[in-house]
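Chain by chain, the residues run as shown.
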Amino acid sequence: TYVPGDEAALTGLFQKVFQTPLSEDHWRWKLKAHPTAVENVFIATHDASPIFQYAGMPIDYQTPWGHHIAMVSVDTMTHPDFRRRGLLTQVGRAAYDQWTRDGVPFVIGIRNDGWGSRLEALGWTDLFRLRCMIRPIALEPILGRKILRGREIEWPRRVRSISWAHDRVLEASMPHDRSVEIEE
């Protein structure tokens, strides 16, 4: 499991794997800002350097069965030189076994196509497919940037009603999955 001081190597691994920087402060905020009795970062090392990370963000959930700490699986990464050696299966299984012993009832996450058959090996079940949908909340700021080159103006009511109509058309065109229920 993680030990304090691993942050520098893990953020370096993140940059190598995802080709984007991650500060140590951001790593700590994401994975260690909400301390629990449950360890949430598991690593594999080679020559004392992390080459793999399996992590979960501990999140409070209220279910019909009570309050639980569950995990959101994030930032699973393997150094390119150590891929296809079973690290996801071995370390993932160790993490899930520990979380089960610690009373974590479930893990959620967004699957990565690179996991391949490891989804089944680790017991993941697809609940539903996610789609990336980018939807402007209001057209006026976009129009202001595109047409008015960033100048702020008070939009006439006519333009605001176009934005309202645009929102209604988008809402009506989106499919709704009746099997998914959202409760306050």
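Shown above is the structure to which this text applies.
Nothing here was measured: the structure is a model prediction, and the numbers come from that model.

The rules we used
- Residues numbered from 1 in each chain as written.
- Predicted model: local features only at pLDDT ≥ 70, side-chain atom pairs only at ≥ 80, totals over all residues.
- Heavy atoms only, no water.
- 1 Å grid on protein atoms, 1.4 Å probe; cavity = no way out; pocket = protein on both sides within 12 Å on 5 of 7 lines; lining within 4 Å.
- Points joined across faces, edges and corners; volume = space filled by probe spheres on them.
- Helix = DSSP H or I, 4+ residues; strand = E, 2+ residues; numbered from the N terminus.
- Nonpolar A, V, L, I, M, F, W, Y, C, P; charged D, E, K, R; others polar.
- Pairing = 2+ DSSP bridges.
- Contact = heavy atoms within 4.5 Å.
- Axes fitted to C-alpha atoms, helices over the stretch in contact; angles between N-to-C directions.
- Polar contact = N/O pair within 3.5 Å; in protein donor to acceptor, adjacent residues only side chain to side chain.

Novice: I'd like to hear about empty space enclosed by the protein, residue by residue, with values.
Specialist: One pass over the full model with this rule turns up one cavity of 30 Å³ or more. Each pocket or cavity is described by its volume, and for the largest cavity that value is around 30 Å³. Lining the largest cavity are Trp29, Lys30, Leu31, Lys32, Ala33, His34, Met57 and Pro58. Among the elements of the structure, helix H2 (24–32) and strand S2 (49–63) are those that each provide at least two residues to the lining of the largest cavity. Per-element tally for the lining of the largest cavity: the top contributor is H2, with four residues. Residue composition of the lining of the largest cavity, grouped by class: five nonpolar, one polar and two charged.

Novice: Talk me through the sheet that holds S2; I want residue IDs and the actual numbers.
Specialist: Strand order in the open sheet formed by four strands is S1-S2-S3-S4, and the pairing between neighbours is mixed. On the outer flanks of this sheet lie strand S1 (41–46) and strand S4 (107–108), each paired with one strand and no other. Relative to S2, S1 is paired through six bridges, and the arrangement is antiparallel. Looking at the pairing, threonine 45 lines up with proline 50 of S2. The strands that helix H1 (residues 7–18) touches are S1, S2 and strand S3 (66–78); relative to S3, the one it contacts most, it runs at about 65°. Relative to the sheet, helix H3 (residues 87–101) contacts S1, S2, S3 and S4, its axis offset from that of S2 by approximately 35°.

Novice: Which residues make up the side chain of aspartate 75, and what values do they have?
Specialist: Its place among the elements puts aspartate 75 in strand S3. At a separation of 3.0 Å, a polar atom in the side chain of aspartate 75 contacts the side chain of lysine 30. In this view, aspartate 75 contacts Phe14, Phe18, Lys30 and Gln53; residues no more than four positions away in its chain are not counted.

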